[in-house]
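Spelled out, the chains give:
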Amino acid sequence: MSAANSLMSEDQFLCSICLDVFTDPVTTPCGHNFCKHCITEHWNISDQYLCPMCKKVFKTKPELYVNTLFSEMVAQFRQLAQQEVSSSSSEQQVSKPGEVPCDVCTGTKLKALKSCLVCLVSYCETHLEPHLTVSGLKRHQLIDPVENLEGRMCMKHDKPLELFCKIDQTCVCMLCTVLDHKAHDVVPLREEYDGKKAELRKTEAEIQQMIQKRRLKIEEIKQSVRLSKENADREIAEGVQVFTSLKESVERGLDELIKTIEEKQKTTEQQTEDFIKELEQEISELMKKSTEVEQLSRSEDHLHFLQSFSPLKDVPTTKDWTEVSVPPASYEGTVVRAVAQLEETLSEEMKKLIEAELKRVQQYAVDVSLDPDTAHPKLILSDDGKEVNHSDVRKTLPDNPERFSSCVSVLGKQSFSSGRFYFEVQVKGKTEWDFGVARESISRKGKIALGPKNGYWTIWLRNGNEYRALNDLVVGLFLKSQPQKVGVFVDYEEGLVSFYDVEAAALIYSFTGCSFTEKLFPYFNPGLNDDGKNSTPLIISCQSH
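Procedures and definitions
- Residues numbered from 1 in each chain as written.
- Predicted model: local features only at pLDDT ≥ 70, side-chain atom pairs only at ≥ 80, totals over all residues.
- Heavy atoms only, no water.
- Helix = DSSP H or I, 4+ residues; strand = E, 2+ residues; numbered from the N terminus.
- Rg over C-alpha atoms; globule rule 2.2 N^0.38 Å.
- Buried < 20%, exposed > 50% of the residue type's maximum accessible area, 1.4 Å probe, protein only.
- Contact = heavy atoms within 4.5 Å.
- Areas by Shrake-Rupley, 256 points an atom, 1.4 Å probe, with all protein chains shown as cover.
- Salt bridge = Lys/Arg side-chain N within 4 Å of Asp/Glu carboxyl O.
- Pairing = 2+ DSSP bridges.
- Patch = residues over 30% accessible without salt bridge, like charges linked within 9 Å, V, L, I, M, F, W, Y side chains within 5 Å.
- Disulfide = S-S within 2.5 Å.
- Axes fitted to C-alpha atoms, helices over the stretch in contact; angles between N-to-C directions.
- Parallel < 35°, antiparallel > 145°, perpendicular 65-115°, else oblique.
- Left-handed = near helix turned anticlockwise from the far one by under 90°.
- Nonpolar A, V, L, I, M, F, W, Y, C, P; charged D, E, K, R; others polar.
- Expected span 1.5 Å × (residues − 1).
- Phe/Tyr/Trp six-rings, centres within 6.5 Å; stacked < 30°, edge-to-face > 60°.
- Lys NZ or Arg CZ within 6 Å of the ring centre and 35° of its normal.

**Let's talk about the overall build of the chain**
Okay, step 1: Of the regular secondary structure elements, the chain holds nine helices and 24 strands.
Okay, step 2: Against the globule reference of 24 Å for 545 residues, the chain gives a C-alpha radius of gyration of 56 Å, more extended than a compact globule.
Okay, step 3: By principal-axis analysis of the C-alpha atoms, the chain measures approximately 195 × 95 × 40 Å.
Okay, step 4: Looking at the chain residue by residue over its 545 residues, the buried ones come to 33%.
Okay, step 5: Sequence-distant contacts, at least 24 apart, represent 55% of the contacts inside the chain between residues at least 6 apart.
Okay, step 6: Here the chain displays about 34,300 Å² of accessible surface, and carbon together with sulfur accounts for 53% of that area.

What follows is the structure in structure tokens.
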């Protein structure tokens, strides 16, 4: 508004009530100018007729007159200002959706540059100029443009919200601190803002850390899925290879079976053909002899008859067919032998699979040692916690809650609540034992019934050769050989507990579909000493393979 300022000082054209350029200016009896609407509204809501400028009180509502000369000057100022606004508006940005528009602009709304907390109005660069030049307006508090300026005023006292009550956790005005929040801990908004912003930065840092952890978890899960896919592909490939080999073995076995039967049948048929051919040859010779005998018997020539009689009177010498027979070929045992051969092939393939599987689970070998605080008083543990056997002598030990009181059992020190783990137990020379894994909350006092429903997943040996899997229903195990070392593998998430004969590379038994919800501990029971017959200790072997 440099053109307007060249005529008169700009603040002379601003109404002291609305702080904008005069509209229909009128003069009070005391000589001050106001917008007609502004001074009328001011007196309508006031208890007395007071001049806002000089504070002079009028007994009756003054009659207002239009100041003609001043109105013309205002009109000229407004025209020059409008021209300058029009010129500058091309340089200023038009308000876009989401941006705060200027509240003063008419027609095209320009983007607001600042908002005034006193006027509760947002101004573009042009309309903001009075706040930067007029002494009375310079004291107004300007902030970056915001919407809903009314929300920054105290609804009760119509004053700016400049303070923060820590007790009620709310923004208040100056009058609030005197009336409604007296004796409360009140601080300037800036102070609370700095404190809250520091908290927010801390929260943001925590959130970013949580986001980062979750992103890492996503990558971990994706990696787990990739590994699972690789494992699945590998298992499928191995399965296809094994079943293809088995299928080929079955087909070869079937072909050999059919070939064997057909060759046997062919041999029988050839033998039959030879017999029939020989019989037919004899029949032909006998028929020839019969014809000669018949012709001779009809002869009337006495001389010829007598001369030919001697060669023809005897029956021809032939093979004795009385004991000759061709019984149907016997195929008993042929199919059984073929299936037995197939079973042997299948057993060899199964052994290869178990060997490969055993090598994989042995990668999860962990170091397990025995926990003396859980050991029954008659058990003897080695110093390194790797061996345990039963003694007839009961030691005096504290009867703590973790200790087994009746069953001669002991737990491992290590517990597992996720993932996979594997350990081996040497059982060579023993006639009785049971071991496996148990959950943390198992009963350790009095008589114990082993089984998954009671928190035990174990197998056992009794009487030197009776093996059982102690599932909810006891399962008899018929092993080809007595294990010397048994491997125990657990997949917590999969709910799997498997036992292997390590040296024979054979699967002994698997508990599947288990539901693990708490810590698992290795469990051992070396069995009773039995007068020295079962004195050999159970030995834990956990070295990596």
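**Focus on the environment of R403**
Okay, step 1: Within the secondary structure, R403 sits in the loop between β13 (387-390) and β14 (410-411).
Okay, step 2: Between the alpha carbons of R403 and L110 there is a distance of 83 Å; along the sequence they are 293 residues apart.
Okay, step 3: Not counting residues up to four positions away in its chain, the partners in contact with R403 are P372, D373, T374, A375, P377, L397, P398, R444 and K445.

**Considering the pattern of salt bridges**
Okay, step 1: Counted by the stated rule, this structure contains 18 salt bridges.
Okay, step 2: Across the pair K319 and E278 runs a salt bridge, and its minimum N-O distance is 3.6 Å. On the criterion of sequence distance, the pair formed by K319 in the loop between α8 (302-313) and α9 (334-361) and E278 in helix α7 (residues 189-297) is long-range, its members being 41 residues apart.
Okay, step 3: In this structure, the salt-bridge partner of R298 is E294, at a minimum N-O distance of 2.9 Å.
Okay, step 4: The class of R298 is exposed, set by a relative accessible area of 52%.
Okay, step 5: Members of the salt-bridge network, linked through shared partners, are K166, E192 and K196.

**Thoughts on the sheet that holds strand β17 (residues 456-462)**
Whether parallel or antiparallel, the strands of a sheet pair through hydrogen bonds between backbone atoms.
Okay, step 1: Pairing in this open sheet of six strands is antiparallel, and the strands run β14-β23-β16-β17-β18-β19 from one edge to the other. Because the sheet does not close on itself, it has two edges, and the strands there are β14 and β19 (474-477).
Okay, step 2: Inspection of the sheet shows strand β16 (residues 433-439) paired to strand β23 (residues 520-525) by six bridges, in the antiparallel sense. Within β23, the residue paired with G436 across the bridge is Y523.

**What about a nonpolar patch on the surface?**
Okay, step 1: A cluster of nonpolar side chains, namely L175, V178 and L179, defines an oily patch on the protein surface of about 270 Å² accessible area.
Okay, step 2: Structurally, L179 is set in the loop between α6 (174-178) and β11 (186-188).

**Focus: the state of the cysteines**
Okay, step 1: Applying the stated criterion to the full structure yields zero disulfides.
Okay, step 2: Summary of cysteine pairing: C15 is not part of a disulfide, and the nearest cysteine sulfur, belonging to C35, is at 3.9 Å.
Okay, step 3: A relative accessible area of 0% places C15 in the buried class.
Okay, step 4: Distance from the sulfur of C18, which forms no disulfide, to the nearest cysteine sulfur (C38) is 3.9 Å.

**Here's the deal with the packing of α7 against α8**
Between two packed helices, both the angle of their axes relative to each other and the distance between the axes serve to describe the pair.
Okay, step 1: In contact at an axis separation of 10 Å, α7 and α8 are set at 155 degrees when each is read in the N-to-C sense. With respect to α8, the axis of α7 lies roughly antiparallel. Crossing geometry of α7 relative to α8 is assigned as left-handed. In this structure, α7 contributes K289, E292, V293, L296 and S297 to the contact, and α8 contributes H304, F305, S308, F309, P311 and L312.
Okay, step 2: A breakdown of the residues in the contact of α7 with α8 according to their chemical character gives six nonpolar, three polar and two charged.

**Some thoughts on α9**
Okay, step 1: Given a rise of 1.5 Å per residue, 28 residues ought to cover 40 Å, and the 40 Å separating the end C-alpha atoms of α9 matches this to within 8%.
Okay, step 2: Looking only at α9, the buried set comprises T334, T345, E349, I354, L358 and V361.
Okay, step 3: Summarising the contacts, the buried residues of α9 are in contact with α7, β15 (420-426), β20 (485-491), β21 (496-501) and β22 (506-511).

**A look at the packing of aromatic side chains**
Okay, step 1: Taken as a whole and judged by the stated rule, the model has 16 aromatic pairs.
Okay, step 2: Ring centres 5.2 Å apart and planes at 75 degrees place the aromatic pair F22 and F70 in the edge-to-face group. Taken together, the residues span a long stretch of sequence, with F22 in the loop between α1 (2-5) and β1 (25-27) and F70 in helix α3 (residues 68-89) at a distance of 48 residues.
Okay, step 3: A relative accessible area of 11% places F70 in the buried class.
Okay, step 4: Where W457 meets F516, the ring centres are 5.0 Å apart and the plane angle is 80 degrees; that geometry is what we call edge-to-face. Residue W457 is found in strand β17, and its partner F516 is found in the loop between β22 and β23; the two are separated by 59 residues along the sequence. F516 matches W457 in its accessibility class, with the two residues each being buried.
Okay, step 5: Three or more aromatic residues joined by ring pairs form one cluster here, namely W43, Y49 and F58.
Okay, step 6: The lysine or arginine in question, K319, covers the ring of W321, its NZ or CZ lying 4.5 Å from the ring centre.

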